[in-house]
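Chain residues, written in single-letter form:
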Amino acid sequence: MPGARSLLLAGIVLVLAASVGAAWLHEMRPQSVVRPAAQTAGTRAEKPQPPALTADEERFATALWAVHREATRSAVAMSFAGIAYQTENRDARALARSIEPLAKFFHDAEIEVRTMSPPPSLSKTHGQYVEALALYANAAAEMLKFIEDGDSQRLDVAHRLDVRASEDMLRVGEVLWPGQYKPH
Amino acid sequence: MRKRSLRIRPFAWTALIAALVCLFDAAAQAQQPVCSVWLIESSRFMKVPFGAFMPDRAFVPGSNKPESSIPTVDLPVNIGVIKCGNELVLYDTGWKQQEYLKMTGSDHWAPLPDQLKVLGFNAADVTKVVIGHAHWDHAGQLSDLPNAVLYVQREELKAIEWALNYPEPHIRAINSDPGGCYRTPACGYMPLTIEEVYGKVLKGKAVIVDGEMEILPGVRIHPAFRAHTAGSQLLEVPTAIGKLVFGSDAFSSYEAIRDWMTANVQQTDTVQQFLAYEKCYKITGGYNNCVSAHEPLSYTDKYPLTKNSWEALNGGRMAEITLAPGEKSRKP
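Residue numbers run consecutively from 1 along every chain, following the written order of its sequence. Chain letters start at A and ligand numbers start at 1, both assigned in the order the entries are written. Where totals are concerned, whole chains, interfaces and linings use all residues; where local detail is concerned, this predicted model gives features only for residues with pLDDT of at least 70, and gives and counts side-chain atom pairs only at 80 or more. The side-chain figures draw on all heavy atoms in the structure; neither hydrogens nor water molecules are used.

This next bit is on the overall build of chain B. Elements are defined by DSSP. Helices are runs of H or I of four residues or more, strands are runs of E of two residues or more, and each kind is numbered from the N terminus. The helix and strand tally for chain B stands at eight helices and 14 strands. Based on C-alpha atoms, the radius of gyration is set beside the globule rule, defined as 2.2 Å times the residue count to the power 0.38. Here the C-alpha atoms of chain B give a radius of gyration of 22 Å, agreeing with the 20 Å that 2.2 N^0.38 yields for 332 residues. For chain B, the spread of C-alpha atoms along the principal axes amounts to about 90 × 55 × 50 Å. The buried share among the 332 residues of chain B stands at 53%. A total of about 13700 Å² of accessible surface is found on chain B, and carbon and sulfur atoms cover 57% of it. Of note, chain B has its 33 positive side-chain charges centred 11 Å away from the centre of its 34 negative side-chain charges. Whether a residue is buried, partly exposed or exposed follows from its accessible area with a 1.4 Å probe, protein chains only, as a fraction of its type maximum: under 20%, in between, or over 50%, in that order. Values of accessible area rely on a 1.4 Å probe in the Shrake-Rupley scheme; residue burial ignores everything except the protein chains shown. By the counting scheme adopted, Arg and Lys are positive, Glu and Asp are negative, and His together with the chain ends is not counted. In plain terms, the charge of a residue is placed at NZ if it is Lys, CZ if Arg, CG if Asp and CD if Glu.

The structure is reproduced here in structure tokens:
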């Protein structure tokens, strides 16, 4: 007759073997392809997060932010100058009063940012930002030319330049300030 | 005998006129076209802290109260697709995910033209777009709707312009902080979005609305100023199941409208948000036909209006809300 200790040992071995077997079966079982719609939400693999910036990169991002905060405001102000011109009284002088300071801002900002020294890892990003400011400056210049010669195609050109500039700015933002726009 | 007929005649005339008025009214209502309505999930913001969305539903660790027991919610970004006769109207247009605008933390985005195709529509067929407000996640993709006329409140534009020209840099900023902003006056109006609005104006395809406006028979814009942003606007739509009211972020949450709680407070006066809720109750006779922009329970039985739903592109969901007589179902 086996003793109580032997029975207990055999029991433990059996339980362990059953656990290993169950775990093996669970791992080997093919995953179901079709899931009910309610279970699909939020169960995808986490998207890769952008890598954290180094200290040098952070310093550059902080320095550029001071310009960026005013640049985004000025970009929206340029659109608003166009909206006001089209929807209110088509007052060319009022449009000029709105655009002239923006043209100066983008021109000066381009020079300021161009002289900044980014870490080598951000040289492409830096270049994109300078390009965006140049595009905005060109857009403002086109709007001022429209005020002089009345050629409305210049407004279309300016708008296209604005859009490209804003896309470039978002590209930079994805690198330097990925959380700059929140769900609204 | 003659005397009695004289006494009856005024009553008979009144009754006849009343009957005619009733008949005329009924006929007019019967003639008013009803619209078909679908809802598209443009994308979903994942794992948003519930308290950030609805302050009265903030998660309290260890609390037994049901209203404090949910830490995060996934917020759909809903777009209304409204077909009235030959007119195809969108209410809000979501946003456009690009390699330069990934919005880490969001999921299930699909291009609006592709989503419309799932419903059997072409983007070029959209005739009107009413934006509840001009925030980036509700007024994007306008350039993908080449023939649509945009409806935006003048009050919305005026308020942004006021903020942009304010002397204090934090108040005038589109981005007041690198980590993002929520509630400063110009926050949420990203340059690319406003350029798309300007693009519509430039092409002569924008209507700047002052308050209330009927854009199609029975389809009415109602101002809801400061109910989410300065120039928020609702859209009343006649349908076979009664009137619907789309609210964008003035109606961010169906549960909030039902339970009289504020939601998604941005450039919001909460008193005005409650008045917007009341408007929906008055127009529709309750809360069930108020169409919410971000209700976490959207496309489930718990938000009954949207329960007739299915999963479409990239895991994003759609719902067929109601069909006009003769309109075929577009649910696969």
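After that view of the structure, there is still more to cover.
What follows concerns the nonpolar core. Here, the term nonpolar core denotes a set of buried Ala, Val, Leu, Ile, Met, Phe, Trp, Tyr and Cys residues that are joined through side-chain atoms within 4.5 Å. Ranked by internal contacts, the top residues of the largest apolar core, which has 110 residues, are Tyr129 of chain A together with Leu116 and Phe251 of chain B. At 14 residues, helix H3 (residues 55–87) of chain A tops the list of elements feeding residues into this core. Every residue pair with non-hydrogen atoms within 4.5 Å of one another is taken to be in contact. When neighbours within four sequence positions are excluded, Leu116 of chain B is seen to be in contact with Ile40, Val81, Leu90, Phe121, Ala123, Val126 and Leu145 of chain B.

Further remarks concern the interface of chain B and chain A. The interface of chain B with chain A comprises 60 residues on the first partner and 44 residues on the second. Buried area between chain B and chain A, summed over both chains or domains, comes out near 4600 Å², and the portion from carbon and sulfur atoms is 60%. When the buried area of chain B at its contact with chain A is split by residue, Tyr100, Asn175 and Tyr198 of chain B rank highest and sum to 16% of it. Throughout this description, the term salt bridge denotes a Lys or Arg side-chain nitrogen within 4 Å of a carboxyl oxygen of Asp or Glu. A salt bridge links Arg171 of chain A to Glu99 of chain B, with the shortest nitrogen-to-oxygen separation between them at 2.9 Å. In the analysis that follows, any N or O atom pair within 3.5 Å is treated as a polar contact, provided that within protein one partner can donate a hydrogen and the other can accept it, and provided that, for residues neighboring in sequence, both atoms belong to side chains. Viewed at the interface, chain A and chain B are joined by 17 residue pairs in polar contact (both at pLDDT 80 or more). Those elements giving two or more residues to the side of chain B that touches chain A turn out to be strand E1 (36–49), strand E4 (106–107), helix H4 (154–164), helix H5 (169–172) and helix H6 (191–202) of chain B. By residue number, the principal contributor to the side of chain B that touches chain A is H6 of chain B, which donates nine residues. All residues other than Ala, Val, Leu, Ile, Met, Phe, Trp, Tyr, Cys, Pro, Asp, Glu, Lys and Arg, Gly among them, are scored as polar; the first ten of these are nonpolar and the last four charged. Split by residue class, the side of chain B that touches chain A holds 26 nonpolar, 21 polar and 13 charged. Defined in terms of a 1.4 Å probe, buried area is the accessible area two parts forfeit on being brought together, summed over both.

Attention now goes to the packing of aromatic side chains. All names here are of chain B. Only Phe, Tyr and Trp rings take part, Trp by its six-membered ring, and two of them pair if their centres are within 6.5 Å. Stacked means planes under 30 degrees apart, edge-to-face means over 60, and tilted covers everything else. According to the stated counting rule, one finds 19 aromatic pairs over all chains in the structure shown. Seen from their ring centres, Phe251 and Tyr277 are 6.3 Å apart, and the 55° between their planes marks the pair as tilted. Note that Phe251 is positioned in the loop between strand E11 (242–246) and helix H7 (254–259) and Tyr277 in helix H8 (residues 270–284), a separation of 26 residues in sequence. The pair Phe251 / Tyr277 is uniform in exposure class, with both members buried. Centroid distance Tyr254 to Tyr303: 4.3 Å. Interplanar angle 20°. Geometry classified as stacked.

Let us look at the pairing of strand E3 (residues 87–91) of chain B. All names here are of chain B. Within E3, four of the five residues are buried, leaving the element largely enclosed by the surrounding structure. In this sheet, E3 lies alongside strand E2 (residues 72–84) in antiparallel orientation, the contact comprising five bridges. Bridge pairing in E3 places Gly80 opposite Tyr91. Here E2 folds back onto E3, and the loop between the two strands holds two residues, one of which, Gly85, carries a positive phi near 60°. DSSP bridges decide pairing: two strands pair if at least two such bridges lie between them. Two strands pair when backbone bridges link them, and E3 and strand E5 (residues 128–130) are joined in this way by three bridges, in the parallel orientation. Across the sheet, residue Leu90 finds its bridge partner in E5, namely Val129.

Residue and element names in this part refer to chain B. Spatially, five strands are ordered E8-E9-E10-E11-E12 in an open sheet, and the strand pairing comes out mixed. In this open sheet, the two strands that pair with only one neighbour each are strand E8 (213–216) and strand E12 (290–291). Pairing of E8 with strand E9 (residues 219–223), which is carried by three bridges, proceeds in the antiparallel orientation. Its bridge partner lying in E9, Glu214 is registered against Arg220. Helix-sheet contacts for H8 involve E9, strand E10 (233–239), E11 and E12, and the interaxial angle to E11 is about 165°. Lines fitted to C-alpha atoms define the axes here, with helix axes fitted over just the stretch in contact, and angles between the N-to-C directions of these axes take values from 0 to 180 degrees.

Attention shifts here to helix H5 (residues 123–149) of chain A. The terminal C-alpha atoms of H5 of chain A lie 39 Å apart, and with 27 residues this matches the ideal 39 Å at 1.5 Å per residue to within 8%. One or two positions beyond H5 of chain A, positive phi appears at Gly150 of chain A, with a value near 70°. One fewer than the residue count of a helix, multiplied by 1.5 Å, yields its expected span.

All names here are of chain B. Structurally, Thr306 is set in the loop between E12 and strand E13 (309–311). Residue classification places Thr306 among the buried residues on the basis of a relative accessible area of 0%. Of the polar contacts made by the side chain of Thr306, one reaches the backbone nitrogen of Tyr299; its length is 2.8 Å.

Take the confidence of the model for chain A next. Summary of the metric used: pLDDT quantifies the predictor's per-residue confidence within the range 0 to 100. Averaged over all residues, the pLDDT of chain A is 84; the fraction at 70 or higher stands at 73%. Note on residues 25–45 of chain A: pLDDT under 50 across the span, and twelve contacts to partners over four residues away in sequence or across chains.

Attention now moves to the pattern of salt bridges. Any two side chains of opposite charge can pair, on the condition that their charged atoms come close. Tallying each qualifying case throughout the model produces 25 salt bridges over all chains. Measuring nitrogen to oxygen at the nearest pair gives 2.9 Å for the salt bridge that ties Asp259 of chain B to Arg258 of chain B. On the basis of relative accessible area, Asp259 of chain B is assigned to the partly exposed category, the value being 34%. Taking the relative accessible area as the measure of exposure, Arg258 of chain B reaches 27% and is therefore partly exposed. Among the charged side chains, a network of salt bridges with common partners joins Glu142, Lys145, Asp149 and Arg154 of chain A.

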